[in-house]
Amino acid sequence: MSGPSGSDPERAVRIGVLGCADIAWRRVLPAIVAEPRIRLVAVASRDAAKARRFTERFGGEPVAGYERLLDRGDLDAVYIPLPTGLHARWAVRALRRGLHVLVEKPLATSRAEAAVMLDTARAADRRLMENFMFLHHGQHQEVRRLVAAGEIGELRSFSCAFGIPPLPAGNVRHRADLGGGSLLDVGVYPLRAARLMLGPDLDPVGAVLRTDPELGVDVAGHVLLTTSTGVTAELSFGFEHAYRSSYALWGSAGRIVLDRAFTPPPTLRPVLRLEKQDLVQEFTLAADDQYGAVVRSFAAAVLDKVPPRDGEEDLLGMSDLVDRVRSCAREMR
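Residues numbered from 1 in each chain as written. Predicted model: local features only at pLDDT ≥ 70, side-chain atom pairs only at ≥ 80, totals over all residues. Heavy atoms only, no water.

**Q** Can you lay out the side chain of Thr211 for me, pointing to particular residues and giving the numbers?
**A** The topology assignment puts Thr211 in strand E10 (residues 203–212). Relative accessible area serves as the criterion here: at 8%, Thr211 is assigned to the buried category. A polar contact is formed between the side chain of Thr211 and the side chain of Glu331, at a distance of 3.3 Å. Residues within four places of Thr211 in sequence aside, it is in contact with Gly216, Val217, Asp218, Glu331, Met332 and Arg333. (Helix = DSSP H or I, 4+ residues; strand = E, 2+ residues; numbered from the N terminus. Buried < 20%, exposed > 50% of the residue type's maximum accessible area, 1.4 Å probe, protein only. Polar contact = N/O pair within 3.5 Å; in protein donor to acceptor, adjacent residues only side chain to side chain. Contact = heavy atoms within 4.5 Å.)

**Q** Before we move on, could you go through the pairing of strand E16 (residues 279–284) and cite the residues and values that matter?
**A** Here strand E15 (residues 271–276) pairs with E16 via six bridges, running antiparallel. From the neighbouring strand, Leu272 faces E16, where its bridge partner is Phe283. The hairpin turn running from E15 into E16, its antiparallel successor, is two residues long. (Pairing = 2+ DSSP bridges.)

**Q** Account for the packing of helix H4 (residues 87–96) against helix H5 (residues 111–124), naming residues and giving values.
**A** For the pair H4 and H5, interaxial distance at closest approach is 9 Å and the crossing angle is 10°. By the angle class used here, H4 and H5 are roughly parallel. Taken together, the residues of H5 that come into contact with H4 (itself represented by His87, Ala88, Ala91, Val92, Leu95 and Arg96) are Glu113, Val116, Met117, Thr120, Ala121 and Ala124. In the contact of H4 with H5, the residues fall into eight nonpolar, two polar and two charged. (Axes fitted to C-alpha atoms, helices over the stretch in contact; angles between N-to-C directions. Parallel < 35°, antiparallel > 145°, perpendicular 65-115°, else oblique. Nonpolar A, V, L, I, M, F, W, Y, C, P; charged D, E, K, R; others polar.)

**Q** Any details on the domain arrangement of the chain? Residues and values, ideally.
**A** How large an interface is tends to be reported as the accessible area lost when its parts come together. Entries for the chain in the domain assignment read domain 1 (13–131) and domain 2 (137–287 + 310–331). On a C-alpha basis, the centroid separation for the pair domain 1 and domain 2 is 26 Å. Carbon and sulfur atoms make up 61% of the area that domain 1 and domain 2 hide from each other, which totals about 1400 Å². Together, Lys105, Arg111 and Leu118 form the three largest contributors to the area buried by domain 1 at its contact with domain 2, with a combined 37%. At the junction of domain 1 with domain 2, the criterion picks out two salt bridges. Of the charged contacts in the structure, one is a salt bridge between Glu312 and Arg122, with a shortest N-O distance of 2.8 Å. (Domains from an automatic or database assignment. Buried area = accessible area lost by both parts, 1.4 Å probe. Salt bridge = Lys/Arg side-chain N within 4 Å of Asp/Glu carboxyl O.)

Have a look at this one:
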């Protein structure tokens, strides 16, 4: 493929990584090095020792500093797992260097930031893709198929919860200056799932964000949304809960429940429960690797010009929904 420094006859995306986040170590870099259409070239960190630790496991060259990685001439793309508050800054810089960008969710801290990023990608004729991995798992398509087939009648409501245990002191997600807080970290999952199941026609009716006064960021939240036809979504999330990752769709004739909705390991065979008046059925679905799927999707976007799953309208719409939730939320301390 053609990149900033010429042609790659093997047609592999030469990728660099900006930042040594936990999600990169546990999920994304294992998927990247397993994908034959992507080649890991370099990993950058402000801490040279951390970059070395990553490259010793995954390969590539360690780089001290993000700007130095962007200055290289041997990359086609970058993956950005930095804190959310840094996404726009580094994505825009990478796009202006002629690099395609895969950025961790959420794309940006606001619609305004997202718009700048998308405008820059369009002007540079580069791909900008958000790494919402759960969207690439087949279990959600099966849920949507059952709903469309009328298995639960007319859909009335969607409920979803995503919570994780308390984070260690000093965790980057506790830093307001870096876009921290539970809404932007775990809250965006239920919001994106609501858009997936109910469509983009969603308005916040009310929200509560519980803020830790010492940390200065929200640590838990609850949101009520509605469509223009009155189908509702009730969403809960936070950093101070026993782990939960599930959603349910409730209709006029039944209910569908899915556990392990957002972070199923590649070997897990998800169990979907269909509840009706006199019948409860459980369906064991095929295992699916959402981490590998998102990496393959990015390679296809760059090499084959296949549009990413979420286009500009989806990315702006999601960022706008987060803005509207934040602006209507009652803050509790």
